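A closer look at the structure
Below are the chains, spelled out letter by letter.
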Amino acid sequence: QPSWDKKWPFWTMSNLQREVQCLPRGLCRTAWGLGGTCVNVGCIPKKLMHQAALLGVAMDDAGKFGWSIPGPVSHDWSTLAQAVQNYVKSLNWGHRVQLQNRKVKYFNTRGSLLDRHTVRGLDAKGTEMTLTARNIVIATGGRPRYPTHVPGAREFGITSDDLFWLKESPGKTCVSRLLIWLPGSVLLVFRHVVVHLCSSDLFRSSQSWLVVGASYVGLECAGLLAGIGLDASVMVRSVALRGFDQQMARLVTGHMEACGTRFHWGCVPTSIEKLPSGLLQVKWTEVRSDLERVEREDTFSSVLWAIGEREVGRERWGEEVAVDKMGRVPETTGLNLPQVGVQLHPDTGKIVVATDERTTVSNVYAIGDVAEGRPELTPTAVKAGKLLARRLAGQSNQLMDYHSVPTTVFTPLEYGCVGLSEESAESRYGKDNIEVYHAFYKPLEFTIAERDASHCYVKVVCDRAGVQRVLGLHFTGPSAGEVIQGFAVSVRCGLTYAQLRDTVGIHPTCAEELTKIHITKRSGLDATVTGC
Amino acid sequence: MAKYEEIQVHGYEEFCKAVSERRGKDIFAYFSGDKDDQGKSWCPDCVKAEPVVRGQLAHLPAGSVFLYCLVGARPYWKDPNNEFKKTLKLTGVPTLLRYGTPQKLVEEECFKADLVRMMFTED
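The paragraphs below set out a description of the structure included in this document. As the structure is a prediction and not an experimental result, all values here were calculated from the model.

With respect to the overall build of chain B
In terms of helices and strands, chain B carries five helices and five strands. Helices and strands in chain B line up, N terminus first, as β-α-β-α-β-α-α-β-β-α. Taking 123 residues into account, the globule formula puts the C-alpha radius of gyration at 14 Å, and chain B, at 14 Å, falls close to it. With respect to the three principal axes, the spread of C-alpha positions in chain B is 35 × 30 × 25 Å. For chain B, with 123 residues in total, the buried portion stands at 46%. About 6,400 Å² of surface is accessible on chain B, with carbon and sulfur atoms providing 50% of the total. Taking the 18 positively charged and 19 negatively charged side chains of chain B as two groups, their mean positions are separated by 2 Å.

Laid out in structure tokens, this is it:
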């Protein structure tokens, strides 16, 4: 039984005998139930679809482990989508029941602030209501961004918000739709045409996805699409997984490339058009250097926008460019925040908060993706909310600790980490003052499956001095999230290299490699693990 | 004129037939253990929940269906392979569910009038 208390800070408030009311924010293209981004269009559907892709890989491996799988294996999107969407809806319902059980009043209306103590609500029928409250907490999150400076972006592209709610196969082709209504005799002739088309560029590109953006959202989406058998390409402006350890990011994308996902590095889209065939023609610029730019184009069946970090007013390609704000858009419009004195960050548009989640209006708070400077992660938002509730009820002074927050990118080869990236540690401590231990390893399960393990890697970044405190832990490999979680606890406790090395590994696992690392980058020795 | 239609069925086959005859309708199904000659169910929670659920029927949306289903005798229900458990995935009686959606209330949840009303009135 999942514990609903993980999602909503409000139940904590009601447990603490305070009256709580809840207004979910306005909705966009798909109607969402309770639970926010994570439940409806984020972590939950993403991980389930990632699992679908992993099962595809498992079926590929199964033959080598003795299983006989008759005939070719194919994936049906509608089956997956329905199962995922049903599960999400059951979570929505569970949250609704929990709010009711914990005596949290729920108003399905669009809220905005009239003043620091008054909230106005407008429901779907246009009925207005007002509520007053001693304290107000804003947790409206963010939404994916469309690059509005690219013609056709909004009309022809979709985002992760839409991907997980597609009912039909995203790989369905115009040709396959035709086959459905043709009578039998004509079908026989047509089949020859189809077979010819199948080997042509037309057919290949008519089943293909272009994901623009190499943030974790982009890579995870491209990864799961490729994993269920679709043709996927990723377009990257500069680097993948900005903000993450870049060596690890290259291992993640290296693995995807080795699996057949095409990467267009150094490219920015310039336009999207819909062709009479229904395919999308995408034009883009490949920036090879400050002076060399190549215009390119190709056709895809679908385009997904997953654009990452922003560039504000920077020089690009030798000229001053007004660059649109990138990254997820904080949901603050219509809340009336500046008018009541809640300050928004000038670059990101997110709500400025202090260490206790307080905004510039002393009784108004903000948590989660909508707050400036916070990780865009579910668990930090949830925990921050719970601690805030306890503080507001006068039961605790504990502040949310945003340091050493572990996270995992659920790409085909998963990447889990906690603490500093190697480059952050270098810039903070100096290259000579850190010691980086590392190893390339091979998961046992990859051996008889004959799978490529060249991107499976662990890295521990330590303070070089004294007890060699662990500053960052990085792992690419299967079940990276499960591997890293326990290590995150030890890092919070001040883990040192010696403690890591003194811990007995569990054998045979991938995680044990973290207890065995001893080759330093500094030594220049080959870091490939050999033997048992 | 009643806002909603009430229909009573007994057993899995009758339940499926009633549902198939009402495709496209918003069906709220209530499952209870069989009742004896005096109208009392072998399931004590069902005895407790039924007046609560019936007390909220006025809140059912217009055009919806209230499908009252007696599942069978106690030994039938206790068999983990009975059709209600296997196919409909019911875990207990009483259960109140909105057919074709994940919305459901099970056992003690059916004692709470506010939860029942919530299911009937919210989307």
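Alright, that's what it looks like, and here's the rest.
What to know about the packing of aromatic side chains
For any pair of aromatic rings, geometry is given as the distance between the ring centres together with the angle between the planes. Residues and elements named next belong to chain B. For the structure shown, the criterion picks out 14 aromatic pairs over all chains. Each residue in the set Y12, F15, F31, Y76, F84 and Y99 is aromatic and connected to the rest through ring pairs, giving one cluster. Taking the ring centre of W77 as reference, the NZ or CZ of K85 above it sits at 4.9 Å.

Some points on the environment of I519(A)
All names here are of chain A. Mapped onto the elements of the fold, I519 is located in the segment after α18 (513-516). For I519, a relative accessible area of 16% puts it in the buried group. In the structure, I519 is positioned 245 residues away from K274 in sequence and 53 Å away in space, judged by C-alpha atoms.

Observations concerning the sheet that holds strand β5 (residues 104-106) of chain B
All names here are of chain B. One open sheet accounts for five strands, arranged β1-β3-β2-β4-β5; its pairing is mixed. The sheet is open, and its two borders are formed by β1 (5-10) and β5, each paired with just one other strand. Neighbour-to-neighbour, the strand axes of the sheet open up by a mean angle of 15 degrees, direction not taken into account. Relative to β5, strand β4 (residues 95-98) is paired through three bridges, and the arrangement is antiparallel. When the bridges of β5 are listed, T95 appears paired with V106. The strands touched by helix α1 (residues 12-20) within the sheet are β1, β2 (27-32) and β3 (65-70), with β1 carrying the most contacts at an inclination of about 150 degrees. Set on the sheet, helix α2 (residues 44-54) makes contact with β1, β2, β3 and β4; between it and β2 the angle comes to about 155 degrees.

With respect to the sheet that holds strand β13 (residues 280-287) of chain A
Residues and elements named next belong to chain A. Read across the open sheet, the three strands follow the order β12-β13-β14; overall the sheet is antiparallel. The sheet is open, and its two edges are formed by β12 (267-274) and β14 (293-300), each paired on a single side. Between one strand axis and the next, the sheet turns by 20 degrees as a mean value, whatever way the strands run. Of the pairings in the sheet, the one linking β13 to β14 comprises eight bridges and is antiparallel in character. Bridge pairing in β14 places L280 opposite F300.

About the thresholds
- Residues numbered from 1 in each chain as written.
- Chains lettered and ligands numbered in written order.
- Predicted model: local features only at pLDDT ≥ 70, side-chain atom pairs only at ≥ 80, totals over all residues.
- Heavy atoms only, no water.
- Helix = DSSP H or I, 4+ residues; strand = E, 2+ residues; numbered from the N terminus.
- Rg over C-alpha atoms; globule rule 2.2 N^0.38 Å.
- Buried < 20%, exposed > 50% of the residue type's maximum accessible area, 1.4 Å probe, protein only.
- Areas by Shrake-Rupley, 256 points an atom, 1.4 Å probe, with all protein chains shown as cover.
- Lys, Arg positive; Asp, Glu negative; His and termini not counted.
- Charge placed at Lys NZ, Arg CZ, Asp CG, Glu CD.
- Phe/Tyr/Trp six-rings, centres within 6.5 Å; stacked < 30°, edge-to-face > 60°.
- Lys NZ or Arg CZ within 6 Å of the ring centre and 35° of its normal.
- Pairing = 2+ DSSP bridges.
- Axes fitted to C-alpha atoms, helices over the stretch in contact; angles between N-to-C directions.
- Contact = heavy atoms within 4.5 Å.

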